[in-house]
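Letter by letter, the chains look like this.
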Amino acid sequence: MKFRLLLLIVLISQICFSQSEKLDESKIANIKNIIALFKQKNIEDISQNVNFPLRREYPIPEIKNKEQFRQRFNEVFDKILINKIANSKLSQWSEMGWRGIMLDNGTVWIESDEGKIIAINYQSDFEKKLRKDLINKENKMYIVR
């Protein structure tokens, strides 16, 4: 019985800790690049490091290309998120296998190989208000019919 319990504990710990992988040098360089771009607040260069389309929470439309990204940058990236990325430490970034590399608990995701931003799981105050307004507008459309 003790052996089975010990075996179960070992298996569970392996499953839990195998999700996060150690970062190699190229991945560390990609993370440092993203951090540096946000420290500089260089929207043009940041737009070069994004995989499009960049999805936003429904019903906010996705960002389809670099031009839209530059136009909507301040909608997505408020001071809080910019500072969070710019002041992040390597220890806050974790590789999660095929899913990519995440900041903290998934606030920002980048590709493991190219280091491009693939997801932003953060909503600025502007986007929160926009989402609420779009939902209200959508609800009114259905009520009127």
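Structure first, text after, so check above.
Residues numbered from 1 in each chain as written. Predicted model: local features only at pLDDT ≥ 70, side-chain atom pairs only at ≥ 80, totals over all residues. Heavy atoms only, no water.

Chemist: So what's going on with the sheet that holds strand 2 (residues 101-103)? Residues and values would help.
Modeler: With antiparallel pairing, the 4 strands of this open sheet are ordered in space as 1-2-3-4. Of all the strands in the sheet, the pair left with one neighbour each is strand 1 (93-95) and strand 4 (117-120). With direction set aside, neighbouring strand axes in the sheet form an average angle of 20 degrees. Relative to strand 3 (residues 108-110), strand 2 is paired through 3 bridges, and the arrangement is antiparallel. Each residue of the ladder has a partner; that of Leu 103, found in strand 3, is Val 108. Its contacts with the sheet place helix 2 (residues 25-40) against strand 1, strand 2, strand 3 and strand 4, and it is angled at close to 145 degrees to strand 1. (Pairing = 2+ DSSP bridges. Helix = DSSP H or I, 4+ residues; strand = E, 2+ residues; numbered from the N terminus. Axes fitted to C-alpha atoms, helices over the stretch in contact; angles between N-to-C directions. Contact = heavy atoms within 4.5 Å.)

Chemist: Any details on helix 2? Residues and values, ideally.
Modeler: The terminal C-alpha atoms of helix 2 lie 22 Å apart, and with 16 residues this matches the ideal 22 Å at 1.5 Å per residue to within 8%. Along helix 2, the positions that sit buried rather than exposed are Lys 27, Ile 28, Asn 30, Ile 31, Ile 34, Ile 35, Leu 37 and Phe 38. Looking at the residues trailing helix 2, positive phi occurs at Lys 41, about 55 degrees. (Expected span 1.5 Å × (residues − 1). Buried < 20%, exposed > 50% of the residue type's maximum accessible area, 1.4 Å probe, protein only.)

Chemist: Could you give an account of helix 4 (residues 66-76), naming the residues involved and the relevant values?
Modeler: Along helix 4, the positions that sit buried rather than exposed are Phe 69, Arg 72, Phe 73 and Val 76. Buried residues of helix 4 fall within an arc of 160 degrees about the axis and therefore sit on the same side. Opposite the packed face of helix 4, turned more than 90 degrees from it, sit the exposed residues Glu 67, Gln 71 and Asn 74. One side-chain oxygen at the N-terminal end of helix 4 lies 3.2 Å from the backbone nitrogen of Glu 67; it belongs to Asn 65. (Arc of directions from axis to C-beta. Polar contact = N/O pair within 3.5 Å; in protein donor to acceptor, adjacent residues only side chain to side chain.)

Chemist: I'd like a description of the environment of Leu 103, backed by residues and values.
Modeler: Tracing the backbone through its elements, the reader meets Leu 103 in strand 2. On the accessibility criterion, Leu 103 (0% relative accessible area) is buried. Considered as a pair, Leu 103 and Ile 85 are 18 residues apart in the sequence and their alpha carbons are 7.9 Å apart. Residue contacts for Leu 103: discarding those within four places in its chain leaves Lys 84, Ile 85, Ser 88, Gln 92, Trp 93 and Val 108.

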